Amino acid sequence: TWHLKKIPQIVRERTFSLDSPKFEAKTQLELNSVCGIECQRKLPAPSPSDLKKLLSYETVFENGTRTLTEVSVLGAALEPAGNTTAPRPSRKKRQIYGTDSRFSIYDRRFMTNFPFNTAVKVSTGCSGILVSPRHVLTAAHCLHDGKDYVKGSKRLRVGLMKTKSRGNGRKRKGTSDGVPSFQWTRVKSTHIPKGWFKGVSGDIALDYDYAVLELKRPHKRKYMELGISPTIKMMPGSMIHFSGFDNDRSGQLVYRFCSISDESNDLFYQYCDAEPGSTGSGIYLRLKEPNKKKWKRKIIAVYSGHQWVDINGEQQDYNVAVRITPLKYAQICFWIHGNDENCTQG
């Protein structure tokens, strides 16, 4: 069941202009992180002054101008991740673990319907997910390398799936050979938390690898709501799902599901088969609505991608997702609505 949680309050204190970014960074679809699972578990809980720095955010507009908004956080309660699973043995260093368990979605009836139609392509080479009629959730590193905005993010676009038929456009009854093409929409503005920037955190902080894009014009598709990420033991079979546009399957929407293997307060570690291009995808669960028989899918994490970490002097790899904690729910919801009145219950 989706458990209701009281959400902290994000309060905008002041907004001021910054110099325009250079937009010269290279897009990195695979990141190196120094902080693995053991390291994450030892991190101290951020203080109120830390949260103020980490959750303040930059906004970049389509004309290249940039602002910094400072916020304060009211009512934040940091919860431990709970018991975590036993460590796994080392595996081969690759992003497809054993048998490739990804599914390419070819049937246009699935492709253009919920939940698959919520997946979008970001013009810098990543994926994202529709979270409102005007907003897309994706990974921060798809837009910013920790020091500067990536090339191409100044004229950022989002591709929403549509289907075209092969050949002359006619389609025989009963066939399902729709090939996805994209209806591209310009991005009006982007929001990235300061916790992602190296100047604030000292290093790239995967905990803050998320961003929200505001589209120039609204779409008329069904989108997916945000949810608070439960702990592993509160998930049916610890199972997560996500769809994106993996680079090795060009032009295809790729869906996968798998179990989460481990967690920290802010991250999930899992071995869902994925390749670059699917980073930024929204990870979702299907749980029951409280006091109802109805089931509902909600986004509970953002797929950050394949990470190399040093553990006891040995390199190991994980596929990592950033959990939507009550704090992150409050921030993303605030970006979407422009106030916190619609963000009091997650």
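Everything numeric in this text was worked out from a predicted model, so none of it was measured.

According to the stated counting rule, one finds 10 salt bridges in the structure shown. Note that Glu 58 and Arg 66 form a salt bridge whose closest N and O atoms lie 3.2 Å from each other. On the basis of relative accessibility, which here comes to 3%, the residue Glu 58 falls in the buried class. Between Asp 266 and Lys 328 there is a salt bridge, with the nearest N and O atoms lying 2.7 Å from each other.

Looking now at the pairing of strand β8 (residues 135–138). By the alternation rule, side chains of β8 split into His 135 and Leu 137 and Val 136 and Thr 138, which are all buried. Direction of pairing for strand β7 (residues 127–130) relative to β8: antiparallel, over a ladder of two bridges. Residue pairing for β8: Ile 129 is matched across the bridge by Leu 137. A loop of four residues connects β7 with β8, the two strands running antiparallel in sequence. Summarising the sheet, β8 and strand β11 (residues 211–215) pair through four bridges and their orientation is antiparallel. Of the residues in β11, the one forming a bridge with Thr 138 is Ala 211.

The final tally for this structure, using the stated rule, is one disulfide. Bridging Cys 126 to Cys 142, the disulfide has an S-S length of 2.1 Å. An S-S torsion of about -95° defines the bridge between Cys 126 and Cys 142 as left-handed. Taken as a pair, Cys 126 in the loop between β6 (119–122) and β7 and Cys 142 in the loop between β8 and β9 (157–164) lie far apart in primary sequence, 16 residues in all. Here the two residues Cys 126 and Cys 142 agree in accessibility, since each one is buried.

So, on to the environment of Asp 145. Within the secondary structure layout, Asp 145 lies in the loop between β8 and β9. Along the sequence, Asp 145 and Glu 24 sit 121 residues apart, while their C-alpha atoms lie 9.8 Å from each other. Within the local environment of Asp 145, its side chain forms a polar contact with the backbone nitrogen of Asp 148, the two atoms lying 2.8 Å apart.

The first and last C-alpha atoms of helix α5 (residues 326–337) sit 16 Å apart over 12 residues, in line with the 16 Å expected at 1.5 Å per residue. Counting buried positions along α5 yields 11 of 12 residues, so the element is predominantly enclosed. Among the residues making up α5, those that are buried are Pro 326, Leu 327, Lys 328, Tyr 329, Ala 330, Gln 331, Ile 332, Cys 333, Phe 334, Trp 335 and Ile 336. Directly beyond the C-terminal end of α5, a positive phi value near 80° is found at Gly 338.

Moving on: unusual backbone geometry. With a phi angle near 55°, Phe 23 is a residue other than glycine that sits in the positive phi range. Summarising the element assignment, Phe 23 is placed in the loop between β1 (9–18) and β2 (31–32). Judged by relative accessible area, Phe 23 falls into the buried class, the value being 10%.

Conventions used here
Counting restarts for each chain, with residues numbered from 1 along the sequence as it is written. A pLDDT threshold of at least 70 governs which residues receive local features in this predicted model, and a stricter bar of 80 or more applies before side-chain atom pairs are shown or counted, although totals over entire chains, interfaces and linings include all residues. Only hydrogens and water are removed before side-chain values are computed, so all heavy atoms of the structure are retained for them. Salt bridge, as used here, is a side-chain nitrogen of Lys or Arg placed within 4 Å of a carboxyl oxygen of Asp or Glu. Buried means the residue's accessible area, taken with a 1.4 Å probe over protein chains only, is under 20% of the maximum for its type, while exposed means over 50%, and partly exposed covers the values in between. Secondary structure is summarised from DSSP: a helix means a run of H or I of at least four residues, a strand means a run of E of at least two, and numbering begins at the N terminus for each. Pairing between strands is defined by DSSP: at least two bridges between them are needed. The rule for a disulfide is simple: a pair of cysteine sulfur atoms within 2.5 Å. Counted as a polar contact is a pair of N or O atoms within 3.5 Å, where, for protein atoms, one must be capable of donating a hydrogen and the other of accepting one, and residues adjacent in sequence contribute only when both atoms are in side chains. Between the first and last residue of a helix there are one fewer steps than residues, each counted as 1.5 Å, and that sum is the expected span.

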